[in-house]
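# Topology and contacts: notes
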Amino acid sequence: MIIRPRRLRVTQSIRDMTSETRLSPSMLVYPVFIREGKNIIEDIPAMPGQKRYSPDTLPLILEKAANNKIGGVLFFGIPEKKDETGSQAWNDNGVIQNAIRISKKEFPDLTVIGDVCLCEYTSHGHCGLIKNGKIDNDSTLEILSRVAVSQSQAGADIVAPSDMMDGHTGAIRSALDENGMTDTLIMSYAVKYASSFYGPFREAAGSAPSFGDRKTYQMDPRNSREAVKEALLDILEGADIIIVKPGLSYLDVLKTVRESVHVPVASYSVSGEYSMIKAASEKGWLNEKNAALEAATSMARAGADIIITYYALELSEWLRL
Ligand code: PBG
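Below is a short write-up of the structure. Fair warning: this is a prediction, and the values are worked out from it, not measured in the lab. Residue positions within a chain follow its written sequence, with the count starting from 1. In view of the model being predicted, local features appear only for residues whose pLDDT reaches at least 70, and side-chain atom pairs are presented and counted only at 80 or more, with totals across whole chains, interfaces and linings using the full set of residues. Side-chain numbers here rest on the full set of heavy atoms in the structure, without hydrogens or water.

### A closer look at helix H8 (residues 251–260)
To keep things clear, this is the line we draw: Burial status follows relative accessibility: with a 1.4 Å probe on protein chains alone, a residue under 20% of its type maximum counts as buried, one over 50% as exposed, and anything between as partly exposed. Only DSSP runs of H or I covering at least 4 residues are called helices, and only runs of E covering at least 2 are called strands; the numbering of each starts at the N terminus. Read the arc as the range of directions from the helix axis to the C-beta atoms. Two residues form a contact once any of their heavy atoms are found within 4.5 Å.
Looking at H8, one finds that the buried residues are Leu 251, Val 253, Leu 254 and Val 257. Across the axial projection of H8, the buried residues extend over an arc of 155 degrees, all falling on one side. On its buried face, H8 is in contact with strand S9 (185–192), helix H7 (225–236), strand S10 (241–245), strand S11 (265–269) and helix H10 (288–301).

Structure follows, in structure tokens:
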């Protein structure tokens, strides 16, 4: 007798019925870049197909996200003026606050997640305040808390601190609660590596550091044990959801973290992952749809409950077919 695993594969319908991993639009989050100004829709050269919107043109793209019933949108704000402390990040009339208000007004059921970080807002491009040429962790916490409260008051359902300062989740949770924003969730970038795959994002957001790099606050790609430590600490500090970032190169970390915690885990398939698939498929070397679906499937298989991806809108279309 031959035992035949292949019998489970003989028709598409049986393969679908027996698959372990299923993608759904509701697990997808779409990152959007929003620039201060009016009437702007501009291309991002390093991320073909992705654009920067001003708050007034944003509904054009959000409509698709709402209609396709994806899980949510993640907003990155790009202010007109940057300064040492990133003060536009907590301006109640700042670019991201306005975008959040417009989104919640036009599409109240679409979950809005605000990126909480300073690198898009500081003149030096770092994610925290600089003192004596170094990132000052503790004084940055107070600023990040102000940013989170201001986004929450503008209507954000979830705030997502991506700065990688120690203690950020606890500081933000206390500030939100003290301001009565107890229902705002925190989706924390607990596990974020110092990755070269963020290159296209830094072009999109104009957030490349003007000196040094982010290796003192982002994680070392050689290490995975500290991922569990970072995740557990963030959960103790009040994180409702945690992010492991990037996606494809860190599936082992994602799996380990998924098995170590009891909160939903998101995998962030970053700008460089998007641009790699895009560039190869523009050259005819990859089938874009199949490659993007396979990448997302592998993150779900490794344990992602949520996938943050620049392919979210296309994936949600392909999954409906
Ligand atoms: C800001 C931030 C970055 C990304 C998300 N939030 C850039 C960075 O840390 O340099 C990268 C996302 C992507 O590459 O898609 N701290």
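### Some points on the packing of aromatic side chains
The criterion, for reference: Classification of ring pairs uses Phe, Tyr and Trp, with its six-membered ring standing for Trp, and accepts pairs whose centres are within 6.5 Å; under 30 degrees between planes counts as stacked, over 60 as edge-to-face, and the remaining range as tilted. Look at NZ for Lys and CZ for Arg. If either is within 6 Å of the ring centre and within 35 degrees of the ring normal, a charge sits over the ring.
A full pass over the atoms with the stated rule returns 10 aromatic pairs. Centroid distance Phe 76 to Phe 201: 4.9 Å. Interplanar angle 80 degrees. Geometry classified as edge-to-face. Here Phe 76, found in strand S4 (residues 72–78), pairs with Phe 201, found in helix H6 (residues 199–205); they are 125 residues apart in sequence, far enough to count as distant. Overall, the relative accessible area of 12% leaves Phe 201 in the buried class. Judged by centre distance (6.4 Å) and plane angle (35 degrees), the ring pair of Tyr 311 and Trp 318 falls under tilted. Judged by relative accessible area, which is 3%, Tyr 311 ranks as buried. Among the aromatic residues, those joined into a ring-pair cluster are Phe 33, Phe 76, Tyr 189, Phe 201, Tyr 268, Tyr 274, Tyr 310, Tyr 311 and Trp 318. One Lys or Arg, Lys 192, reaches over the ring of Tyr 189 and ends 5.3 Å from the middle of that ring. It is Lys 245 that lies over the ring of Tyr 198; its NZ or CZ is 4.7 Å from the centre.

### Considering the packing of helix H2 (residues 59–67) against helix H11 (residues 312–320)
The geometry of a pair of packed helices is captured by two quantities: the angle between their axes and the separation between those axes. Here is the rule we go by: To obtain an axis, a line is fitted to C-alpha atoms, over the contacting stretch when the element is a helix, and the angle between two such axes runs from 0 to 180 degrees between their N-to-C directions. Handedness of each helix crossing follows the sense of rotation of the near helix against the far helix: counterclockwise by less than a right angle gives left-handed, clockwise gives right-handed.
Remark: H2 packs on H11, axes separated minimally by 10 Å, with the N-to-C direction vectors making an angle of 35 degrees. Here H2 and H11 pass one another in a crossing that is left-handed. For the pair formed by H2 and H11, the contact residues are Ile 61, Lys 64, Ala 65 and Asn 67 on the first element and Leu 313, Glu 317 and Arg 320 on the second.

Read these as layout, nothing more, since geometry by itself doesn't imply function.
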